[in-house]
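A structural walkthrough
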Amino acid sequence: MTPEYLQEEVAADSCLVERFALANNNAREVSNHSLVALKFGGTSLLGAERMLHAAGLVRTAAQDLDVVVVVSAMKGVTDRLLSISRALAEGKLSHASNEAEGLIHLHFNVLQDLELGEENQDRVRRGLQLLGRDLLHEVPSQGRVLATAELADRLASFGERFSARLFAAALEKSGVPAVPVSSSDFVLTCDTFRDAKPHLEETKQRGRGILLPLLEAGLVPVVTGFIGATPDGRITTLGRNSSDFSGAIIAHVVDAEELVIWTDVDGVYTANPHDSVEAKLLHDLSYDEAHALAAGGAKVLHPQVLPLAAETEMTIWIRNTFKPHVRGTRIGLPQNSNNRAQFGGAA
Ligand code: ADP
Ligand code: ASP
Ligand code: MG
């Protein structure tokens, strides 16, 4: 067990959500209206049980802070959506439409398992039905389809759009008023489909117009990661695994004090902990150190997060959804802390 003096040190050196929980509402270090962005990856949202568990983490944060949530698609869903795009390109129309039907069922099953009250269930079901109809519209049962990168992005976008609706429903069920928001309504990008670059200034302006009124109304916006749209409204994606980047963009839009990336490992390690028993958990990283690891293939963090975080001096935490008692990795400006992990020749 951690000695008491060390616990105090960790408490002062933990993410905002922990600091509030530990302060037990006594001496508040930060104002009531501090804002955090919480991003959940696909493993954290895989099925109703995990969504409700993740919703519990949001509820804890939302007791003391304003919260914006950013979600990925459920694990495996984006791969399956992109396989529909490939099947269409190869003229395998029945395979494509079976896969689309299968994905729609998958999400309806999660809705069922959330066991919402009748009214909420009907409302969310209608939202999913509309999305499902739009997805099937992209997948004709006969004729020819011109399979373009633009179509691939449009198809890929459905995963995040389904999961934002379901996660908002999980939050409502957990007593947190929430509303799904499509990032394509404000994340403005170029038209390089599959790897679109955001226009940050316009995104910030448009995003604030949408998100701030929701926060003022006491709602938690549940924003789709991964997707944006061109100025003429065509859906784009920011590249595979880019919901972390969306998390940073959205944190920047609302001027969040911190971005917490909730994932399936305890933080950033020296190597992939699933591949190497030697991998060591890193306690604190500078933006440059984190960028070097991400650019070198550490999938736990999308490399494009770091330049934006560094420019805006945003603090980022990588934490394990399934072990919320573990502190995680902090990425940010150096702190007066003597518990920094060793990282090569780090500053
Ligand atoms: P999410 O769906 O939450 O975005 P990802 O699968 O994209 O999660 O990223 C988390 C995974 O990154 C971990 O399960 C781990 O296998 C992998 N990974 C690769 N390199 C590292 C590293 N250096 N530190 C931590 N995790 C890593
Ligand atoms: N769902 C997208 C993907 O699988 C984005 C992400 O998960 O970060 O690439
Ligand atoms: Mg990821």
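Structure report, in brief. (Residues numbered from 1 in each chain as written. Chains lettered and ligands numbered in written order. Predicted model: local features only at pLDDT ≥ 70, side-chain atom pairs only at ≥ 80, totals over all residues. Heavy atoms only, no water.)

What follows covers the overall build of the protein. Each helix and strand counted, the protein has eleven helices and ten strands in total. Across the 347 residues of the protein, 54% fall into the buried class. Sequence separation of 24 or more characterises 73% of the internal contacts of the protein that already satisfy a separation of 6 or more. By element, 49% of the accessible surface of the protein is carried by carbon and sulfur atoms, the whole surface being about 15900 Å². (Helix = DSSP H or I, 4+ residues; strand = E, 2+ residues; numbered from the N terminus. Buried < 20%, exposed > 50% of the residue type's maximum accessible area, 1.4 Å probe, protein only. Contact = heavy atoms within 4.5 Å. Areas by Shrake-Rupley, 256 points an atom, 1.4 Å probe, with all protein chains shown as cover.)

Right, let's talk about the pairing of strand β1 (residues 35-40) for a bit. In terms of burial, β1 is largely enclosed, as six of its six residues are buried. Of the two faces of β1, both are covered, the one formed by Leu 35, Ala 37 and Lys 39 as well as the one formed by Val 36, Leu 38 and Phe 40. Two strands pair when backbone bridges link them, and β1 and strand β2 (residues 66-71) are joined in this way by six bridges, in the parallel orientation. Paired with Leu 38 across the bridge in β2 is Val 69. With respect to chirality, the unit in which β1 leads through helix α3 (residues 48-62) into the neighbouring parallel β2 is right-handed. (Pairing = 2+ DSSP bridges. Right-handed = clockwise from strand over helix to strand, strands pointing away.)

In this section: the layout of surface pockets. Empty space among the atoms becomes visible once a probe the size of a water molecule is rolled across them. Empty space within the largest pocket amounts to approximately 870 Å³. With three residues, the single largest contributor to the lining of the largest pocket is helix α4 (residues 77-89). Grouping the constituent residues of the lining of the largest pocket by class yields 13 nonpolar, 17 polar and eight charged. (1 Å grid on protein atoms, 1.4 Å probe; cavity = no way out; pocket = protein on both sides within 12 Å on 5 of 7 lines; lining within 4 Å. Points joined across faces, edges and corners; volume = space filled by probe spheres on them. Nonpolar A, V, L, I, M, F, W, Y, C, P; charged D, E, K, R; others polar.)

Our next topic: the site of ligand 1. The environment of ligand 1 is made up of 17 residues, and the closest members are Thr 263, Asp 264, Tyr 269, His 274 and Lys 299. Contact between ligand 1 and Lys 39: an oxygen atom at 3.2 Å from a side-chain N or O atom of the residue. One of the backbone nitrogen or oxygen atoms of Val 300 is found 3.3 Å away from an oxygen atom of ligand 1. Relative to its unbound accessible area of 570 Å², ligand 1 is 91% covered by the protein chains. Mapping ligand 1 onto the cavity grids shows that it belongs to the largest pocket. Taken together, the residues that form the shell around ligand 1 break down as seven nonpolar, seven polar and three charged. (Near = heavy atom within 4 Å. Polar contact = N/O pair within 3.5 Å; in protein donor to acceptor, adjacent residues only side chain to side chain. Sits in = over half its atoms within 2 Å of the grid points.)

The sheet built from eight strands is open, its strands ordered β3-β4-β2-β1-β7-β9-β10-β8 with mixed pairing. With one partner strand each, in any of the chains shown, β3 (178-181) and β8 (284-285) form the two edges of the open sheet. Inspection of the sheet shows β8 paired to strand β10 (residues 329-331) by two bridges, in the parallel sense. Each residue of the ladder has a partner; that of Asp 284, found in β10, is Arg 330. Where helix α9 (residues 243-253) meets the sheet, its contacts fall on β1, β2, β4 (220-224) and β7 (258-263), and the angle it forms with β2 comes to roughly 155 degrees. (Axes fitted to C-alpha atoms, helices over the stretch in contact; angles between N-to-C directions.)

This brings us to the environment of Asp 64. Tracing the backbone through its elements, the reader meets Asp 64 in the loop between α3 and β2. Under the relative-accessibility criterion, Asp 64 is labelled buried at 13%.

With that settled, consider helix α5 (residues 93-114). For α5, spanning 22 residues, the distance from its first C-alpha to its last is 32 Å, which sits close to the expected 32 Å at 1.5 Å a residue. Among the residues making up α5, those that are buried are Leu 93, Ala 96, Ser 97, Glu 99, Ala 100, Leu 103, Ile 104, His 107, Phe 108, Val 110, Leu 111 and Leu 114. Here the buried face of α5 lies against α3, α4, α6 (118-137) and α7 (149-173). Where α5 terminates, the next one or two residues include Glu 115, which has phi positive at roughly 50 degrees. (Expected span 1.5 Å × (residues − 1).)

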